[in-house]
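# Fold and geometry: a report
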Amino acid sequence: MRKSMVAGNWKMNGSSAFAAQMSEQFNQHAPTVSSVDVVLCPPAIYLSQVQGDAQGYACAAQNVHFAGSGAFTGEISVAMLNDIKCKYVLVGHSERREMFAETDAIIAKKMAVCVAASLVPILCIGETLVQRNNGEAFAVVKRQVLAALEDIDLKTNDIVIAYEPIWAIGTGETATPEQAQEIHAYIRSVLEAEISLEVAERTRILYGGSVSALTASELFSQPDIDGGLVGGASLKVEDFKIICSAAAN
Ligand code: PGA
């Protein structure tokens, strides 16, 4: 049985006051969602603060560099994330792929350093609207998954996958539960065919893309949807609580 997860990706939003409020709220809310892993993904500057206050939730960085240390201005390393006891990292978010030119090869390197450092990467994948309309969604997610897993052994390591169709991110247009379930089941079948049934059954696959307090419970009730990666709605405390609770059912 896979434990549900809901991760709130603040992107480049928030403040230290917002971070303190979220920590307090989700520490309090923890008992009611004890069957869900709640993960907060603040901007790097607040990560240490939010992680330091964490009791009822875990933290994820929004990004990490693949190098161990050195002259990489603006970047953070896996050792730094370990140092502050951060457990998860978003890897390959579509905004990083599109706006910061992250390729499948870069993402594979990031996946490998995370796993080697015992951080759990949350690998983000998903097709554009053009790719979906061309009937390429399955091929795109398969390519992204296999490329990202190139250098890691999933039989001995855990990762989380977040399927986030790009056309649904920040647009208010959520994939239907059926559309999402179809891709999630496919991703699981790829894991089974390429790695093992055990890995396919163990790996959590989250849905992301305009998840809201209204759409969460129907999405999360699909058999292959193990929770969500939530952007906009994770900035609204009450909505995010409802979404976390929806994953507990
Ligand atoms: P959204 O973002 O919920 O605002 O669509 C999701 C994401 O980008 O992770």
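Up top is the structure.
Residues numbered from 1 in each chain as written. Predicted model: local features only at pLDDT ≥ 70, side-chain atom pairs only at ≥ 80, totals over all residues. Heavy atoms only, no water.

### Let's talk about the packing of helix H1 (residues 16-29) against helix H2 (residues 44-52)
It is the contact of H1 with H2, at a shortest axis distance of 10 Å, that shows an interaxial angle of 30 degrees. The orientation of H1 with respect to H2, classified from their angle, is roughly parallel. Crossing of H1 against H2: the hand is right-handed. Together, Ser16, Ala19, Ala20 and Ser23 of H1 and Tyr46, Gln49 and Val50 of H2 make up the contact between the two elements. (Axes fitted to C-alpha atoms, helices over the stretch in contact; angles between N-to-C directions. Helix = DSSP H or I, 4+ residues; strand = E, 2+ residues; numbered from the N terminus. Parallel < 35°, antiparallel > 145°, perpendicular 65-115°, else oblique. Left-handed = near helix turned anticlockwise from the far one by under 90°. Contact = heavy atoms within 4.5 Å.)

### A short note on the pattern of salt bridges
Taken as a whole and judged by the stated rule, the model has 14 salt bridges. The salt bridge involving Lys11 is made with Glu95; its shortest N-O contact spans 2.8 Å. With Lys11 in the loop between strand S1 (4-9) and H1 and Glu95 in helix H4 (residues 94-99), the pair connects residues that are 84 residues apart, well separated along the chain. What makes Glu95 partly exposed here is its relative accessible area of 23%. Notably, a salt bridge pairs Arg97 with Asp104, separated by 3.0 Å at the nearest N-O pair. Neither residue differs from the other here; Arg97 and Asp104 are each classed as buried. Where salt bridges share partners, they join Arg2, Arg188, Asp224 and Asp226 into one cluster. (Salt bridge = Lys/Arg side-chain N within 4 Å of Asp/Glu carboxyl O. Buried < 20%, exposed > 50% of the residue type's maximum accessible area, 1.4 Å probe, protein only.)

### Section: the site of the ligand
Near the ligand you find 13 residues, and of these Lys11, His93, Glu164, Gly170 and Ser210 are the closest. In the model, an oxygen atom of the ligand is placed 2.7 Å from a nitrogen or oxygen of the His93 side chain. Within the backbone of Gly231, a nitrogen or oxygen atom sits 2.8 Å from an oxygen atom of the ligand. Expressed as a share of its isolated accessible area of 280 Å², the protein-covered part of the ligand is 95%. (Near = heavy atom within 4 Å. Polar contact = N/O pair within 3.5 Å; in protein donor to acceptor, adjacent residues only side chain to side chain. Areas by Shrake-Rupley, 256 points an atom, 1.4 Å probe, with all protein chains shown as cover.)

Interpretation in functional terms is not warranted from these geometric data alone.
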